[in-house]
Amino acid sequence: MKLEDRIAKHRRMCESYRDKYVLQKVQEGERYDEWEFVDDAVYTSPYFVAEQELVLKDVATHWDIAATIEAKAYGNEFPDWRPIDHKFWVADTGFVMRYRWEGTSVSTGKAMGFYSISFVETNDDAQIVHWSTYVNDEEYGPFLELAIGRRGPFHGDEYMQTLAQHFEKHGLTM
């Protein structure tokens, strides 16, 4: 893939991620357009998988289904949860996305939010080889406690197990 095509695809990938969340389409099961992963793509996050590298093909819950589960779980307490601010930077080897997420709690009536930053590295065909996500526990921790009843950091598949327990407790379905 030519350099300018790869950079243009990275921009479309960022825009798709933004649009799917802003329009709350992820809760409905929609995927991020043009996101393709190599077979051995790795996900890392000190908060969600505490110092582990997850090979995405080996994870029990596919990445796009996990995103829908997360969005539905958060939406139970924060029905208007979505990005209220976003910025992304594209390059030839991938992109960086910074989001300010916010929603209004049905329990407290107060708006809560947090920042997330993701670094996505791609190969010469703009397929994702590495994706990492970072959040600040000072904001995200209290948000998560209210949204799903627990804060991180999480190890292994604890985050997905916590979301599954939240689904069961509140009678949520896919």
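Conventions and cut-offs
- Here the residue numbering is sequential within each chain, running from 1 through the sequence in written order.
- Only residues with pLDDT of 70 or above have their local features reported here, since the model is predicted, and side-chain atom pairs are shown and tallied only from 80 upward, although totals for entire chains, interfaces and linings are computed over all residues.
- Derived side-chain values reflect all non-hydrogen atoms in the structure, with water molecules and hydrogen atoms excluded from consideration.
- Secondary structure counts use DSSP, requiring at least four H or I residues in a row for a helix and at least two E residues in a row for a strand, with both numbered from the N terminus.
- The rule is simple: take the accessible area with a 1.4 Å probe, protein chains only, and divide by the maximum for that residue type; under 20% is buried, over 50% is exposed, in between is partly exposed.
- Residues count as neighbours in contact if any of their non-hydrogen atoms are within 4.5 Å of one another.
- Note that His is not counted, nor are the chain ends; the positive residues are Lys and Arg, and the negative ones are Asp and Glu.
- A charge is said to be at NZ when it belongs to Lys, at CZ for Arg, at CG for Asp and at CD for Glu.
- Fitting a line to C-alpha atoms yields each axis, with helices limited to the stretch in contact; the angle taken between N-to-C directions then spans 0 to 180 degrees.
- Residue classes follow a fixed rule: Ala, Val, Leu, Ile, Met, Phe, Trp, Tyr, Cys and Pro count as nonpolar, while Asp, Glu, Lys and Arg count as charged, and any other residue, Gly among them, counts as polar.
- To estimate the expected span of a helix, count its residues, drop one, and scale the result by 1.5 Å.
- Throughout this description, the term salt bridge denotes a Lys or Arg side-chain nitrogen within 4 Å of a carboxyl oxygen of Asp or Glu.

Caption draft 1: Looking closely at the overall build of the chain. Helix and strand counts for the chain stand at four helices and six strands. Taken from N to C terminus, the helices and strands of the chain fall in the order α-β-β-α-β-β-β-β-α-α. Each principal axis of the C-alpha distribution contributes one length, and for the chain these read about 50 × 30 × 30 Å. Taking all 174 residues of the chain together, 44% fall into the buried category. Counting only contacts in the chain whose residues sit at least 6 apart along the sequence, the fraction spanning at least 24 positions is 58%. If you average the places of the 19 positive and of the 31 negative side-chain charges in the chain, the two averages end up 5 Å apart.

Caption draft 2: Structural view of the packing of helix α3 (residues 137-148) against helix α4 (residues 158-170). Two numbers describe how α3 lies on α4: the axes approach to 10 Å, and their chain directions differ by 40°. Contacts from Y140, A147 and I148 of α3 reach α4 at Y159, T162, L163 and H166. Residues belonging to the contact of α3 with α4 are distributed by class as follows: five nonpolar, two polar and no charged.

Caption draft 3: Region of the structure containing helix α1 (residues 3-22). Counted at 1.5 Å a residue, the expected span for α1 with its 20 residues is 28 Å, and the 29 Å between its end C-alpha atoms agrees. Within the span of α1, buried status applies to R6, K9, H10, M13, C14, S16, Y17, R18, K20 and Y21.

Caption draft 4: Seen up close, the pattern of salt bridges. For the structure on display, the rule yields 12 salt bridges. Where E34 meets R12, a salt bridge forms, and the shortest distance between an N and an O atom there is 2.7 Å. With a gap of 22 residues between them, E34 in the loop between α1 and β1 (37-44) and R12 in helix α1 connect regions that are remote in the sequence. Judged by relative accessible area, which is 32%, E34 ranks as partly exposed. Each of the salt bridges in this network shares a partner with another, and the network as a whole consists of K20, E30 and D33.

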